[in-house]
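# Per-entry structural report
Listed here are the chains, written in short residue letters.
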Amino acid sequence: MSLDWIYNAISWILLRWHALWDAIGVPDERVIGTNWAWILAIIFLVVTLRVILFPVFVKQIKSQRAMQALQPKVKALQEKHKGDRETLQKEMMELYRTEKANPLMGCLPMFLQIPVFFGLFHVLQHLDPTISDEYKQLYGWSLEQFNSAANAHLFNAPISAKFGSTPAELAAVGADGTTVKVLAAILVLTMMATTFLTSRQMILKTGWAEDPQQKMIQRLMLYGIPFSLLISGALFPIGVVIYWVTNNLFTLAQQQWVLRKFPPVQMAGAKGGSSSARPAGSAGNRTGTKNPVQPARTGGLFGRKPAPEPTSPVVDTKALAPKPGAKPVNPKKGARPANKPKG
């Protein structure tokens, strides 16, 4: 299947934003070693895509809330069908179908951005000044636009260069290898950190899933993907890393806004908040309703133990018992004295 439609769409958005910044007066020449019109075009490519995907992001949050609300039922099914994995999977699929919850919806925004990421990767890789004029004009680029983008820099490092660029590739765009490697390393480390923080932010607010498959996905998102970027990041053009970091920062801000506006809760007894749950009628919950728990406050992300439940003081019944021969403190009214034996 041809992906030219993605390359054309990415190129069209980039060129429209570059034209806008150029019309506003952002200079095309380098300022502080940077061609800001092209850098802003990449940044606002992220903004454009996130605005388009915002309804999907809202569906992702709703799906996560629905999955969170089903955790007690999921746990009950796991206890009921312990050791029978096939039946457990069927029962869980039926539960998700009945409750209209989709476990994969939480990953949908990421899946939708994968084609965009590879599209931008291809377009920036395509910015090679040594290719023929015919290929330069693919995806709707004019020769002037192509040559301008191919020579665009961020702090004197071309946006088409990468940490692993060969000397021949760096020479083609007139780049210094040390400058490219230092800048690319800083951006890759920033990319790893912001990727970790986006996953951590969501898990801190929603807690770890009870479903083993969902929990495995959470661990992969939290630790696996950032670690993989340490290796794969060396293959990404600087422009792609700029896109990734900007996308992560946008995600952090968007998640923070949504989680503050619609704070997630867990029902008492859910993992990560069970220590805060109290039985109906106990102190702090005398209405008998379940107490919503914020799992983030129990420190469940890094395995810290939650605060122990307050226990009732032990009463020494022996100390309270009346001493032999002592008079009762409050004798009952109307009680008749014992009959004295007749002398």
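Residues numbered from 1 in each chain as written. Predicted model: local features only at pLDDT ≥ 70, side-chain atom pairs only at ≥ 80, totals over all residues. Heavy atoms only, no water.

## Some remarks on the overall build of the protein
For the protein, the helix and strand inventory stands at 13 helices and 2 strands. Looking at the protein as a whole, 38% of its 343 residues are labelled buried. Pairs at least 24 residues apart make up 71% of the contacts formed inside the protein by residues separated by at least 6 positions. (Helix = DSSP H or I, 4+ residues; strand = E, 2+ residues; numbered from the N terminus. Buried < 20%, exposed > 50% of the residue type's maximum accessible area, 1.4 Å probe, protein only. Contact = heavy atoms within 4.5 Å.)

## Points about the packing of helix α4 (residues 71-80) against helix α5 (residues 85-99)
Two elements in contact, α4 and α5, have axes whose closest approach is 10 Å; the angle formed by their N-to-C orientations is 160°. Classified by the angle between their axes, α4 and α5 sit roughly antiparallel to one another. Viewed along their axes, α4 and α5 form a crossing whose handedness is right-handed. Within the contact between the two elements, α4 uses Lys 73, Val 74, Leu 77 and Gln 78 and α5 uses Leu 88, Glu 91, Met 92, Leu 95, Tyr 96 and Glu 99. (Axes fitted to C-alpha atoms, helices over the stretch in contact; angles between N-to-C directions. Parallel < 35°, antiparallel > 145°, perpendicular 65-115°, else oblique. Left-handed = near helix turned anticlockwise from the far one by under 90°.)

## Observations concerning the packing of aromatic side chains
Scanning the entire structure with this criterion turns up 13 aromatic pairs. An angle of 65° between the planes, with centres 5.4 Å apart, marks the rings of Tyr 7 and Tyr 139 as edge-to-face. A residue pair is termed long-range when its members are at least 10 positions apart, and Tyr 7 in helix α1 (residues 4-24) and Tyr 139 in the loop between α7 (133-136) and α8 (143-150) qualify at 132 residues. Accessibility classification places Tyr 7 together with Tyr 139 in one group, the buried group. Residues Phe 117 and Phe 118 carry aromatic rings whose centres are separated by 5.4 Å and whose planes lie at 75° to one another, so their mutual orientation is edge-to-face. Relative accessible area serves as the criterion here: at 10%, Phe 117 is assigned to the buried category. (Phe/Tyr/Trp six-rings, centres within 6.5 Å; stacked < 30°, edge-to-face > 60°.)

## Quick look at the pattern of salt bridges
Per the counting criterion, the structure on display carries 4 salt bridges. Here Glu 86 makes a salt bridge to Lys 90, at a shortest N to O gap of 3.7 Å. Highlighted residues: Glu 86 and Lys 90, both in helix α5, separated by 4 residues, approximately one helical turn. Where Lys 136 meets Asp 133, a salt bridge forms, and the shortest distance between an N and an O atom there is 3.9 Å. One end of the pair, Lys 136, and the other, Asp 133, are both in helix α7, 3 residues apart, so they sit about a helical turn from each other. (Salt bridge = Lys/Arg side-chain N within 4 Å of Asp/Glu carboxyl O.)

## A word on the nonpolar core
In this structure, Trp 141 and Ile 238 are the most contacted members of the largest nonpolar core, which totals 48 residues. Listing elements by their share of this core, those giving two or more residues are α1, α2 (36-52), α6 (108-125), α8, α10 (177-206) and α12 (238-261). Once residues within four sequence positions are removed from consideration, Ile 238 is found in contact with Leu 154, Ala 157, Pro 158, Ile 159, Ala 161, Val 180, Leu 183, Ala 184 and Leu 187. Ranked by size, the runner-up nonpolar core spans 9 residues in total, among them Met 67, Val 74, Leu 95 and Tyr 96. (Core = buried A, V, L, I, M, F, W, Y, C linked by side-chain atoms within 4.5 Å.)

## Structural notes on the environment of Ile 13
Counting through the fold element by element, Ile 13 comes out in helix α1. Among the residues examined, Ile 13 registers a relative accessible area of 13% and is labelled buried. The spatial distance from the C-alpha of Ile 13 to the C-alpha of Phe 44 is 8.9 Å, given a sequence separation of 31 residues. Non-local contacts of Ile 13, meaning those with residues more than four positions away in its chain, are made with Leu 45 and Thr 48.

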